[in-house]
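Okay, here's what each chain looks like letter by letter:
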Amino acid sequence: MLKKVVLLALPGVAPFEFGVVCEVFGIDRLDSGGPAFDFTIATAAPGPVRTSLGFDMIIEHDLAAAADADLIAVPAHSLDTIDEAYLDVIRAAEARGAWVLSVCSGAFALAQAGILDGRRSTTHWMHADRLAAGFPATSVDPDVLFVEDRKVVTSAGTAAGIDAALHIVRKELGASVANVIARRMVVPPQRDGGQSQYIDFPITERCADSFAEVAEWMLKNLAEDLTIDQLARKALMSPRTFARRFRADMGTTPAAWLNRQRIIRAQNLLETTDQSLESIAAETGFGTAAVMRHHFVKVLQTTPTTYRRTFGERLAG
């Protein structure tokens, strides 16, 4: 049973991500049918801890408070070298079967402690490549809001920490308890989708000079059924040579690149127009709304309707 929660305050801690953990686990909600956790904030050297915004928090407890915690939480923090004392706390928690939670760049502390080795993980999409490159023993998924792998939970940026924390509450105490906390926080008890939908992908994403002209033509003709043979003729190459060189220069296949651009165009239309889904699907080359929905769910982990509801502008009637 999840009872004792210890939040680690590392130097350079991010106040919002720190506050997320405090909000979920640090408030007594017995009066509304929720839990009251034994919640402690701990740091290596009690006293002032500088935050990422330049002000200090006064932390009273040292890391001894974490020795018997059921959950150790690590919020976002600066990516400087991490004191080994924090890493030892994280390793000990994982070894005894306690939950370990990171929010945003807190995943780097878990990775440095070695507990992400052989596990899936995530972090904020801006840091995902750095995490994957620095710690190849973990499989980084940059698209999801959070990952649980054998009681080690890593989450994406900022508000995804709420999703991850509520997931742990749900697993340990049940959906009804998680719903009480979510209702008091005025947040969904479980969000759909992943962080792919929040990433700003420029339309000129990795466009090599050798394919600039044909890529621009593809973008102008997204609504058409563009075949490899047609694209190869446009590039004055054989289909086999075109496919091989496109992948080498652009880092992906022509079909995958084209699909990515269609999604980007559809996202833009969903955000800025009131066109129907069928109209957008036809204009972006997906053909039908059902096909467009399939690709949105596969790539963005959300539907076009949900995406529009989240990011669409309020258009004047």
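Before reading further, recall that the structure is shown in the block above.
Predicted model, so just to flag it, every value in this text is computed and none were measured.

This part covers the packing of helix α5 (residues 160-173) against helix α6 (residues 175-185). Interaxial distance between α5 and α6 falls to 7 Å at its minimum, and their mutual angle equals 150°. Residues Ile162, Leu166, Val169, Arg170 and Leu173 of α5 form the contact with α6, whose participating residues are Ala175, Val177, Ala178, Ile181, Ala182 and Met185. Residues that form the contact of α5 with α6 fall into these classes: 10 nonpolar, no polar and one charged.

A word on the environment of His77. Here His77 shows up in the loop between β5 (71-74) and α2 (84-95). Sequence-wise, His77 and Pro11 are 66 residues apart; in three dimensions their C-alpha atoms are separated by 6.8 Å. Apart from residues lying up to four places away in sequence, His77 is in contact with Leu10, Pro11, Gly12, Val13, Ala14, Ile82, Ser105, Gly106 and Ala109.

With that out of the way, let us pick up the pattern of salt bridges. Evaluation of the coordinates by the stated rule reveals 11 salt bridges. Of the charged contacts in the structure, one is a salt bridge between Arg120 and Asp141, with a shortest N-O distance of 3.5 Å. With a gap of 21 residues between them, Arg120 in strand β7 (residues 120-121) and Asp141 in the loop between β8 (139-140) and β9 (146-149) connect regions that are remote in the sequence. With relative accessibility at 38%, the residue Arg120 sits in the partly exposed group. Within this structure, Glu84, Asp88 and Arg91 form a network of salt bridges that share partners.

Turning next to the side chain of Ser105. Along the chain, the position of Ser105 falls in the loop between β6 (99-103) and α3 (107-113). For Ser105, a relative accessible area of 4% translates into the label buried. Non-local contacts of Ser105, meaning those with residues more than four positions away in its chain, are made with Ala76, His77, Leu79, Thr123 and His127.

Turning our eyes to something else, we now look at the environment of Leu30. Within the element layout of this structure, Leu30 appears in the loop between α1 (15-25) and β2 (38-42). When residues no more than four places from it in sequence are discounted, the contact partners of Leu30 are Pro35 and Ala36.

Let's shift gears to the nonpolar core. In terms of nonpolar packing, the biggest core is built from 35 residues, with Val24, Phe25, Leu71, Leu101 and Val169 touching the most fellow members. Among the elements of the structure, β1 (4-8), α1, β4 (56-59), β5, β6, α5 and α6 are those that each provide at least two residues to this core. Ala66, Ala107, Ala111 and Ala128 belong to the second-largest nonpolar core, a separate cluster that totals 29 residues.

Moving on: the sheet that holds β2. Strands in a sheet are paired, the pairing made by backbone hydrogen bonds, and the direction either parallel or antiparallel. With mixed pairing, six strands are arranged side by side in an open sheet as β2-β1-β5-β6-β10-β9. Since the sheet does not close on itself, it has two edges, and those belong to β2 and β9, each with one partner. Strand-to-strand, the axes of this sheet are offset by a mean angle of 15°, without reference to chain direction. The sheet contact formed by β1 and β2 spans five bridges and is parallel. Opposite Val6, over in β2, you have Thr40 as the bridge partner. Those strands touched by α1 are β1, β2, β5 and β6, and its axis lies near 160° from that of β2. The strands touched by α5 within the sheet are β5, β6, β9 and β10 (152-155), with β6 carrying the most contacts at an inclination of about 165°.

Right, let's get into the environment of Val100. Position of Val100 relative to the elements: it lies in strand β6. The buried category is assigned to Val100, whose relative accessible area is 0%. Taking the C-alpha atoms as reference, Val100 lies 19 Å from Ala132; in sequence the two are 32 residues apart. Discounting residues that sit within four places of it in the chain, Val100 has contacts with Leu71, Ile72, Ile90, Ala93, Glu94, Leu110, Ile115, Lys151, Val152 and Val153.

Its 12 residues place the ends of α2 16 Å apart at the C-alpha level, agreeing with the 16 Å of an ideal helix rising 1.5 Å per residue. Within the sequence span of α2, burial applies to Tyr86, Leu87, Val89, Ile90 and Ala93. The buried residues of α2 occupy one face: seen down the axis, they fall within an arc of 155°. For α2, the secondary structure elements touched by its buried residues are β1, β5, β6 and α3. Two or three places before Ala85, at the start of α2, stands the capping residue Asp83, its side-chain oxygen 2.8 Å from that residue's backbone nitrogen. Remark: Gly97 follows α2 within two positions and exhibits a positive phi of approximately 85°.

Here we take up the packing of aromatic side chains. Counted according to the given criterion, the structure contains five aromatic pairs. Between the aromatic rings of Phe242 and Phe246, the centroid separation amounts to 5.6 Å while the plane-to-plane angle is 45°, which identifies the pairing as tilted. Here Phe242 and its partner Phe246 are both found in helix α9 (residues 239-250), four residues apart, which amounts to about one turn of the helix. Of the residues examined, Phe242 reaches a relative accessible area of 0% and is grouped as buried. Judged by relative accessible area, Phe246 falls into the buried class, the value being 0%.

What counts and what doesn't
Residues numbered from 1 in each chain as written. Predicted model: local features only at pLDDT ≥ 70, side-chain atom pairs only at ≥ 80, totals over all residues. Heavy atoms only, no water. Axes fitted to C-alpha atoms, helices over the stretch in contact; angles between N-to-C directions. Helix = DSSP H or I, 4+ residues; strand = E, 2+ residues; numbered from the N terminus. Contact = heavy atoms within 4.5 Å. Nonpolar A, V, L, I, M, F, W, Y, C, P; charged D, E, K, R; others polar. Salt bridge = Lys/Arg side-chain N within 4 Å of Asp/Glu carboxyl O. Buried < 20%, exposed > 50% of the residue type's maximum accessible area, 1.4 Å probe, protein only. Core = buried A, V, L, I, M, F, W, Y, C linked by side-chain atoms within 4.5 Å. Pairing = 2+ DSSP bridges. Expected span 1.5 Å × (residues − 1). Arc of directions from axis to C-beta. Polar contact = N/O pair within 3.5 Å; in protein donor to acceptor, adjacent residues only side chain to side chain. Phe/Tyr/Trp six-rings, centres within 6.5 Å; stacked < 30°, edge-to-face > 60°.

Everything listed here is a matter of coordinates, which is why it stays silent on function.
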